[in-house]
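Summary of structural features
The residues making up each chain are set out below.
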Amino acid sequence: MSEEQPDAVVERVAAGHLMRTGPHPDAAGRPDAVSAVDPDAALVTAWCTCLLWRSRLPWTAREHTDAFETHLARVRRAARILPPDLVDGRFAYLPCADEAAALAVAETWIDLGSARSRLFLDGSGVVIAFADVQFPTEVALWALRTDRTDPSAAYLLHALEYLAGPNRTD
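The notes below deal with the structure included here. Residue numbers run consecutively from 1 along every chain, following the written order of its sequence. Residue-level local features of this predicted model are given only where pLDDT is at least 70; pairs of side-chain atoms are given and counted only at 80 or more, and the full residue set underlies all totals for whole chains, interfaces and linings. By convention in this description, side-chain values take in all heavy atoms of the structure and omit both hydrogens and water.

**Side note on the overall build of the chain**
- We count a stretch as a helix when DSSP gives it H or I for four or more residues in a row; a strand needs E for two or more, and each element gets its number in order from the N terminus. Across its full length, the chain holds five helices and six strands.
- For the chain, the proportion of its 170 residues judged to be buried stands at 39%.
- Partitioning the contacts of the chain with sequence separation of at least 6, the portion at a separation of at least 24 is 56%.
- Here the chain has roughly 9700 Å² of accessible surface; of this, 54% comes from carbon and sulfur atoms. Here's how the labels work: a residue is buried when its accessible area is under 20% of the maximum for its type, exposed when over 50%, partly exposed in between, all with a 1.4 Å probe on protein chains only. Whether two residues are in contact is decided by their heavy atoms, any of which lying within 4.5 Å being enough. Only the protein chains shown count as cover for residues, and all accessible areas are computed by the Shrake-Rupley method using a 1.4 Å probe.

Structure representation (C-alpha cells):
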C-alpha cells in the first residue's frame with residue numbers, strides 16, 4: 001500500500017483529469033463563432049481525458065471551465081471517499097434527487113457489485129467505482145427509471161455509452 005498522504009492522492013487523481021477542446025460543429029457555418037483576433041473566443045466542445053465528462057454546448061473554452069471545475073470537484077471528492085485499492089481505477093459520480101434517493105440507489109445496488117465494481121454513498125449522490133461500464137450504466141438506468149436521480153444523470157449515461165462505444169481502448 002502507498003505511503004502517500006490522502007491530499008497528495010486526491011491531487012494525483014485530479015491531475016489525471018484534463019480538459020480538452022475541439023471545434024464545435026455549429027462553428028463552421030457561423031462567422032461570429034470564430035474570431036481571428038481572439039482564438040479563445042471560438043466556439044468549442046469540451047471533454048475530460050477520463051471521457052466521463054463532456055460538453056457539446058456551443059461555448060468558448062473559458063465558458064466550459066466552470067462545468068469542468070464541477071467535474072474536478074466531484075473527482076476530488078470521490079478520491080477521498082473511495083478505498084485506496086479503487087482510487088486508481090475508473091469511477092463516476094451519479095447525482096441523485098436527494099439524500100433519500102441516493103440511499104435507495106445504494107441499498108438496491110450495494111450487493112450487486114463486485115470487487116472492482118462497487119458504489120459508495122456521498123450525501124445526495126453515489127460514487128460508482130467500476131471495472132467495466134456495464135455496472136454504472138445499469139445503476140444509472142435504474143436510477144433514472146425510478147426517479148431516484150436528477151436529470152443530469154442522463155449526461156453520465158451518454159458518457160458511459162461513449163466510453164463503451166467501438167474503438168475505445170481507455
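On we go.
**Considerations on the environment of A14**
- Here A14 is to be found in helix α1 (residues 6–15).
- C-alpha of A14 to C-alpha of R76: the two residues are 62 residues apart in sequence and 6.1 Å apart in space.
- Among all residues touching A14, those that are not within four sequence positions of it are L72, V75 and R76.

**Description of helix α5 (residues 153–164)**
- Relative to the 16 Å expected for twelve residues at 1.5 Å per residue, α5 spans 17 Å between its end C-alpha atoms, a close match to the ideal helical length.
- Every buried residue of α5 is listed here: A153, L156, L157, A159, L160 and L163. Taken end-on, α5 shows its buried residues confined to a sector of 165°, consistent with a single buried face. Across from the buried face of α5, at angles greater than 90 degrees, the exposed residues are Y155 and E161.
- Looking at the packing, one finds that the buried side of α5 touches β4 (90–95), β6 (125–130) and α4 (134–145). How far a helix is expected to stretch is found by multiplying one less than its residue total by 1.5 Å. Directions are taken from the helix axis to each C-beta atom, and the arc is the one they span.

**What to know about the sheet that holds strand β3 (residues 54–59)**
- Think of it this way: DSSP has to see at least two bridges between two strands before they count as a pair. In space, the three strands of this open sheet follow the order β1-β2-β3, with antiparallel pairing throughout. Edge strands, defined here as strands with exactly one partner in the open sheet, are β1 (19–23) and β3. Neighbour-to-neighbour, the strand axes of this sheet turn through a mean angle of 25°, independent of strand direction.
- Bridge count between strand β2 (residues 44–48) and β3: three bridges; the pairing is antiparallel. Residue pairing for β3: A46 is matched across the bridge by S55.
- Throughout, an axis means a line fitted to C-alpha atoms (over the contacting stretch in the case of helices), and angles, computed between N-to-C directions, take values from 0 to 180 degrees. Helix α2 (residues 61–81) contacts β1, β2 and β3 of the sheet and is inclined by roughly 20° relative to β2.

**Here we look at the pairing of strand β5 (residues 118–122)**
- As defined by bridge partners, β5 adjoins β6 across five bridges and the pair is classed as antiparallel. When the sheet's bridge partners are listed, F120 is paired in β6 with V127.
- Remark: two residues form the turn of the hairpin made by β5 and β6, two consecutive strands paired antiparallel; G123 in that turn has positive phi of roughly 60°.

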